[in-house]
Amino acid sequence: MRLTAELALDQIRGNRKRSAGAIMATALSAALLTAVMCFASSGYRMLENFLGPGLGEYAGAYLILLVIPSVFLGLLIVFMSITVISNIYESSTVKRLGEFGVLKCVGATGRQIRETVIFESLWISIIAVPLGLIAGTVIGFIGVEIAGRYIAYFNELSKSIVMRPVSFELGFHVTPATYVFSAVFSMLVVLASAAKPAARSGKITAIECIKGIHLNLIKNVKVKENPVIEKLFGYEGTLGSANISRNRIAYRSTVRALALSIMLIMLAGSFKNQAHNAMNWMSSMGNAMLVDYASIMDEGVNEQTGKDESVIVKPISYDTAQEITEKLRAYKEDLDIIGVGSDRVTYRSIADDSIMSSEFLTHSGIMDEHGEIKTELLTADEKTYVMLCGMAGVPVGSNILINYYVYNDNGRIKELEPFTGDVKEIELIDSSNVEKKLSIDGILYKDQLPSNGFESLAPDPVRIIVPSGNMRGFTWYSDPADDASFTQYARSVMDEYYPILTEDSYVEQGYTVRISRADQMIKVMNIAIILGEIVLSGLIIMLMFMGFASVISTLSANIRIRQREFAVLKSVGMTNRALEKMVFSESAICSIKGCLGGIIWGIVLPYAINLSVRKVFPVRYELPALSLLFGVLTVLGLVILITRVEIGKMRGQNIVEDIRENLC
Amino acid sequence: MAILEVKDLTKKYGMGDGEVVAVDHISFSVEKGEFVAITGASGSGKSTLMNMIGGIDAPTSGEVTVDGRCISSMSEDELAIFRRRNLGMIYQFYNLIPTLTAEENIVLPWRLDGRKKNDEKVKEILSVLGLSERAGHLPGQMSGGQQQRVSIGRALINDPAFILADEPTGNLDSRTSGEIIDLLKYTNEKLGQTILLITHDEKIALSADRIITIGDGRIIRDEVMKR
Ligand SMILES: Nc1ncnc2c1ncn2[C@@H]1O[C@H](COP(=O)(O)OP(=O)(O)O)[C@@H](O)[C@H]1O
Ligand SMILES: [Mg+2]
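Presented here is an overview of the structure given in this document. Since this is a predicted model, take the numbers as computed values, not measurements.

## Structural notes on the overall build of chain B
- Check the secondary structure of chain B and you find eight helices and 10 strands.
- A total of 227 residues make up chain B; the buried ones form 56% of that total.
- Partitioning the intrachain contacts of chain B with sequence separation of at least 6 by distance along the chain shows that 69% fall at a separation of at least 24.
- Accessible area for chain B stands at about 10100 Å²; split by element, carbon and sulfur atoms hold 47% of it.

## A word on the pairing of strand 2 (residues 297-301) of chain A
Residues and elements named next belong to chain A.
- As defined by bridge partners, strand 2 adjoins strand 3 (residues 308-312) across five bridges and the pair is classed as antiparallel. By the bridge assignment, Glu 299 is partnered in strand 3 with Ser 310.
- Where strand 2 folds back on strand 3, the antiparallel hairpin that results is connected by six residues, among which Gly 306 adopts a positive phi of roughly 75°.

## Considering the interface of chain A and chain B
- Contacts between the two partners involve 29 residues from chain A and, on the opposite side, 28 residues from chain B.
- At the boundary of chain A with chain B, total buried surface from both sides reaches about 2400 Å², with 61% on carbon and sulfur atoms.
- For the interface between chain A and chain B, the tally reads zero salt bridges.
- If you look at where chain A meets chain B, you find three residue pairs in polar contact (both at pLDDT 80 or more).
- Mapped onto the side of chain A that touches chain B, the elements with two or more residues apiece are helix 1 (3-14), helix 3 (59-105), helix 4 (110-162) and helix 6 (206-211) of chain A.
- With six residues, helix 1 of chain A is the largest single contributor of residues to the side of chain A that touches chain B.
- In terms of residue class, the side of chain A that touches chain B is built from 14 nonpolar, eight polar and seven charged.

## A closer look at the sheet that holds strand 2 (residues 20-31) of chain B
Residue and element names in this part refer to chain B.
- Taken in spatial order, the four strands line up as 2-1-4-5 in an open sheet, and their pairing is antiparallel. Looking at strand neighbours, the two that pair on one side only are strand 2 and strand 5 (69-70), the edges of this open sheet.
- Bridging between strand 1 (residues 2-13) and strand 4 (residues 61-66) involves five bridges; their strand directions are antiparallel. Each residue of the ladder has a partner; that of Glu 5, found in strand 4, is Thr 65.
- Relative to the sheet, helix 1 (residues 46-53) contacts strand 1, strand 2 and strand 4, its axis offset from that of strand 1 by approximately 125°.

## Examining the packing of helix 9 (residues 318-329) of chain A against helix 12 (residues 483-497) of chain A
Residue and element names in this part refer to chain A.
- Contact geometry for helix 9 and helix 12: axes closest at 10 Å, N-to-C directions at 150°. With respect to helix 12, the element helix 9 is oriented roughly antiparallel. Pair helix 9 / helix 12 crosses with right-handed handedness. Mapping the contact onto sequence places Thr 320, Glu 323, Ile 324, Lys 327 and Leu 328 in helix 9 and Phe 486, Tyr 489, Ala 490, Val 493, Met 494, Glu 496 and Tyr 497 in helix 12.
- Of the residues belonging to the contact of helix 9 with helix 12, the class tally is eight nonpolar, one polar and three charged.

## A closer look at a nonpolar patch on the surface
- A cluster of nonpolar side chains, namely Ile 134, Val 138, Phe 141, Ile 142, Ile 146 and Tyr 150 of chain A, defines an oily patch on the protein surface of about 570 Å² accessible area.
- Among the secondary structure elements, Tyr 150 of chain A is positioned in helix 4.

## Points about the packing of helix 5 (residues 119-129) of chain B against helix 6 (residues 144-156) of chain B
All names here are of chain B.
- Between helix 5 and helix 6, whose axes approach to 10 Å, the crossing angle comes to 140°. The orientation of helix 5 with respect to helix 6, classified from their angle, is oblique. Of the two possible hands of crossing, helix 5 and helix 6 adopt the one that is right-handed. Mapping the contact onto sequence places Lys 121, Ile 125 and Leu 129 in helix 5 and Arg 149, Ile 152, Gly 153 and Leu 156 in helix 6.
- Looking at the contact of helix 5 with helix 6 residue by residue, the class counts come to four nonpolar, one polar and two charged.

## Focus on the nonpolar core
Residues and elements named next belong to chain A.
- Core analysis: the biggest nonpolar cluster contains 62 residues, and Leu 264, Leu 267, Leu 543 and Phe 617 have the highest contact counts within it.
- In terms of residues, this core owes the most to one element, helix 8 (residues 248-282), which gives 16 residues.
- Summarising the domain contributions, this core has at least three residues from each of domain 1 (1-217) and domain 2 (236-282 + 527-664).
- The contacts of Leu 543, once residues within four sequence positions are left out, are Leu 32, Leu 76, Ile 77, Met 80 and Leu 264.

Definitions and cut-offs
- Residues numbered from 1 in each chain as written.
- Chains lettered and ligands numbered in written order.
- Predicted model: local features only at pLDDT ≥ 70, side-chain atom pairs only at ≥ 80, totals over all residues.
- Heavy atoms only, no water.
- Helix = DSSP H or I, 4+ residues; strand = E, 2+ residues; numbered from the N terminus.
- Buried < 20%, exposed > 50% of the residue type's maximum accessible area, 1.4 Å probe, protein only.
- Contact = heavy atoms within 4.5 Å.
- Areas by Shrake-Rupley, 256 points an atom, 1.4 Å probe, with all protein chains shown as cover.
- Pairing = 2+ DSSP bridges.
- Buried area = accessible area lost by both parts, 1.4 Å probe.
- Salt bridge = Lys/Arg side-chain N within 4 Å of Asp/Glu carboxyl O.
- Polar contact = N/O pair within 3.5 Å; in protein donor to acceptor, adjacent residues only side chain to side chain.
- Nonpolar A, V, L, I, M, F, W, Y, C, P; charged D, E, K, R; others polar.
- Axes fitted to C-alpha atoms, helices over the stretch in contact; angles between N-to-C directions.
- Parallel < 35°, antiparallel > 145°, perpendicular 65-115°, else oblique.
- Left-handed = near helix turned anticlockwise from the far one by under 90°.
- Patch = residues over 30% accessible without salt bridge, like charges linked within 9 Å, V, L, I, M, F, W, Y side chains within 5 Å.
- Core = buried A, V, L, I, M, F, W, Y, C linked by side-chain atoms within 4.5 Å.
- Domains from an automatic or database assignment.

Just distances and angles here, no functional claims.
Shown next, in the form of structure tokens:
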């Protein structure tokens, strides 16, 4: 065996405690990566079902919502692991500086020193990575099982809505590739973690090692007396603060670990906030009972014009819609029911600055590359239509323009009136470039619209209510007293017109019928957000544990490594009490530095994530005050606890022993 | 031919007002087989001189030539390789690797050089050192004198051009010190090993064939002892 490998092995055997720590941290990191890989391979199959036909409209949103945070999180795992593990090698090399000095004096090259550090990490990995793969499989299995249960619950829910078994389920699934990737990533993390301490150790010169163990890391910076620290912690505090600024490297790892922990707690808080707000927004449309018919669409490209073209496969005719309305209304005397039909795919409006406001036309994303604007044609059941005509002051048979557009402006909900003055006519165009002039007889504004049916989370900019026509879909809104009996009744009505024939696919059938309360439907549609939140929170909690472990290991190593210094201080007459005060003030100063860094990152990172989230959801960043408070208190508690424990251990020790032990 | 030649060696620390000239234009040479003691008060520049001779510290000016090769122009790594093949260094603190046994510590320079172990030679050295029984012990399981004997063994393993010992007895009681010096003297007389011994203790210096006394970074006396 190579000498450098052997030395590394001896080092690992000789320092069992530290090696155990390194193995645990490496295994935890490998486990985390493995768990993520398990999720990835299990989720891979399901994802296709996620983004299948039912979610088509929101697919982009889900992708953005899932992919961007996942990449952030993946990087976070790697960054976190590297920080934690390199902390361990860093403190290990600080302890071994004397040894490296000896090696250099007897003629080891920088390369050989670097090699022993790298070999140390490789030996550790040989034990830790397989452990991590096993532990990660267990964590991944449990996580996938929990997520799978949630999905099963949602399956039940959606089955009750669409009366058809939902085919996607999340089961634990791994392939050899899962493990190959996990092992490779873990090894890369380990090597990256050892690289910097290895490089630093290789650069240490023999003279630096001879002159004093880790003296070369101590910089003689001018330390100003800080009156605040002096007041708070006394002379011992000033001494501690000098230690920190002269021995940055030793403290940097602790400060970094503290900052990471706080940041993660705040990140978790922000994720929760944003997911919560996104859900709130989605359920802001009320909680009416919905009976919903939708045809599938055949999406393609028009051969002559090259424009996107969607053909409604099974449109619902005006007469059918009216018949269904009457039948549903017959459920109970005077059931308040509003039926609204919609077609968003057939026509677009041609931009026209004589009738459209410039604010509207210049708004980004309103016009497509052909100068056309997305347009929705709406119909209503007869009773509602008559009411709307009355509201607009026009005779029955008129086309009514809705002069009200609501949109998500980078996280804020904004409203505007797209049209100016009196509009007499709108020019529509379809995918084959056939133009059609539609007369506009009346205009309705926001306050004149009924609460159900005419509001939408992401409405088209131009919306026109027409007297009749074939529509892509039709939705009936009501608020029956007994949901179960109404659902049963509505299902029987719908089955007359649109029976569920095949059990498995509505693509074959060409339509879907959903009956449920709005919030249930939203729950099903938002399963990705809910699952994402569960998975992200789980990962963040695990990362947080790593952060805590790192705080514990670096802080206690910092105190332990300086036993000789403490012994010297004691030998010149520093009392135990004064020593404890000094160590405490060092920990306190570290915590303050760590908290500040962590809070800054804990704000910046979720804010950056929100920048992409707010493109899709009207959700803006909010400071998670509770998480912040919780994070600071947890971290402070942890620091105080560790310092206490280490000081307790220090008390029983004998000065002479300390000095002797650190000399050979 | 001189095995060691030191020419105009100078080391300055600091700048301007704070400048300290630790070694001030020192020149001397050592012949093969000599046992030279370098003495002087604490702070006179002995360790600085020795570190420059050993190539672990760079001189401000001047040259060190070992066995005809000028070491002042070598890179850090060249120096390391040079050291492990040609020099043996011993310090006040034992400078052993705590996780290696006595025997493993002794063969370290060989192993660093990627050379095979020569059991005969190790056995011989261990018996010279009186450590045959302790070969498998870790530094923590040995007394100070035993640890220092291990570092002498490590210095000897490569038949170095010379051994540099900086206060090897500084941390030991007088009886153990005597044993260590006797051991060095033995290697000098029986094995013909060239030795540079640094000490502030004049009694110990008297064991050498030649005593160089340093004061304020300069040689103030250089005398050959009559035997
Ligand atoms: N790193 C350094 N920076 C500044 N001065 C130093 C440094 N190392 C040694 N000196 C100074 O050089 C002089 C010689 O030191 P040294 O060679 O260690 O003395 P000796 O070994 O003879 O006791 C002393 O005056 C010491 O203060
Ligand atoms: Mg000295």
